[in-house]
Amino acid sequence: MPEKARVRAEAARLRALFEAEGAQGFETSILQPAEVLLDLYGEDIRARAYVTSDALRGEQMLRPDFTVPVVQAHMAYGAEPARYTYAGEVFRRQEDDPDRENEFMQVGYEVFDRENPIDSDAEVFSVIQSALGGARLRAATGDIGILMAAVAGLQTTDARKKALRRHIWHPRRFRALLDRYSGRSPVPAARKALLAAADPFAGGAPEIGLRSRAEVEARIEALKADAAAAPISEREVKLLDALLQVRETLPNALEHLRDIAVDMPAIGKAVDRLARRMKALEKRGIDVAALDFEASYGRTSMEYYDGFVFGFYAEGRPDLPAVATGGRYDALTRVLGQGREIPAVGGVVRPGLLLQLEAGQ
Ligand SMILES: N[C@@H](Cc1c[nH]c[nH+]1)C(=O)O
């Protein structure tokens, strides 16, 4: 790893590039209020944030990123449209891989602009790509909005759609739920017994859990309603599977998705947006014919993404995390906007990784 002073200098260089694109500097505290903000990141980051408590301020965390604080500040007092840049450390616990850093610099570029969100997607991608300079990187792109639209369009209960949507970011649990909802995997014996019991509370087991009796009853009711729901059809599951497996260059992926959309009209609008984004990227000089699109890309990162997602990876270095990542997070502005919202998209570069790659390490 390059020494910190060099990383800081590289961060300053990148930040100056983003300022030259018209972004204003943004600063935020290292300690952030965890109770208000932590849930917005989703499970992965929630498990990896360093949280501590403060008698006066309640739970505090070392900032896991800048996007959430930027959105909070913009929604509170930002003028529109706005472009922000920042450079600073973020902190994430690493439990499985001791070689991954738990504290690293990020330099970001964030766009809050309602004029032409598709073009803002392309702008952020191309500004980040040029900031990465000559490094040999592979770009991956995806679109969480297509997956959300696919789930929203399923012929099933709202409760099931809600559960599937929540687990878009947890591919294995998503799979398990889909298998259960479609009848591909059998109902577990314990669940069957619970639902068949005339009085599930009979049997004398002491009520020792954290949940109240009313909560347990409500859960059993929800499980009963779910058991009565018709299975999601094999046809829909196959279409969803086909969608999740799309992984090719952008123009081919688009064609493939258009085919799927014929049988799955719910994704039609999102696929149209993808087509317009491809044009916008092309207009900005991106070689879209060589750009990868993976429908499942972004399913394990920040849970606030709800549209375009992308990342840049060092070729031949699967051991390294992404050198740059980003995506669209419109819904996050709604959550923090107290009644207001604005289309927003951004990305970050990790200057430490960029230097490491340049040094051929
Ligand atoms: N905050 C994100 C990157 C990002 C910036 N803007 C949008 N996405 C991260 O730390 O992974």
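In case you missed it, the structure is sitting above this.
Residues numbered from 1 in each chain as written. Predicted model: local features only at pLDDT ≥ 70, side-chain atom pairs only at ≥ 80, totals over all residues. Heavy atoms only, no water.

A. Examining the pairing of strand β3 (residues 51–54) more closely. One ladder, built from four bridges, connects β3 with strand β4 (residues 58–62); its direction is antiparallel. Each bridged residue has a counterpart across the sheet, and for T52 the counterpart in β4 is Q60. Turn length for the β3-β4 hairpin, with the two strands adjacent in sequence and antiparallel, is three residues. (Pairing = 2+ DSSP bridges. Helix = DSSP H or I, 4+ residues; strand = E, 2+ residues; numbered from the N terminus.)

B. Main features of the environment of L194. One can find L194 in helix α9 (residues 189–196). When the C-alpha atoms of L194 and L223 are compared, they prove to be 9.4 Å apart, with 29 residues separating the residues in sequence. Every residue in contact with L194, bar those within four places of it in the chain, is listed here: P200, I220 and L223. (Contact = heavy atoms within 4.5 Å.)

C. Spotlight on the sheet that holds β3. The strand order across the open sheet built from three strands is β2-β4-β3, with neighbouring strands paired in antiparallel fashion. Strands with a single pairing partner mark the edges of an open sheet, and in this sheet they are β2 (31–33) and β3. Between one strand axis and the next, the sheet turns through 40° on average, direction left out of account. Sheet topology note: the β2/β4 ladder contains three bridges and is antiparallel. (Axes fitted to C-alpha atoms, helices over the stretch in contact; angles between N-to-C directions.)

D. Expanded view of the nonpolar core. Counting residues in hydrophobic clusters, the biggest one holds 107 residues, and the most contacted among them are L243 and I267. Leaving out residues up to four positions away in the same chain, I267 has contacts with I146, A149, A150, L243, L257, I260 and A261. (Core = buried A, V, L, I, M, F, W, Y, C linked by side-chain atoms within 4.5 Å. Buried < 20%, exposed > 50% of the residue type's maximum accessible area, 1.4 Å probe, protein only.)

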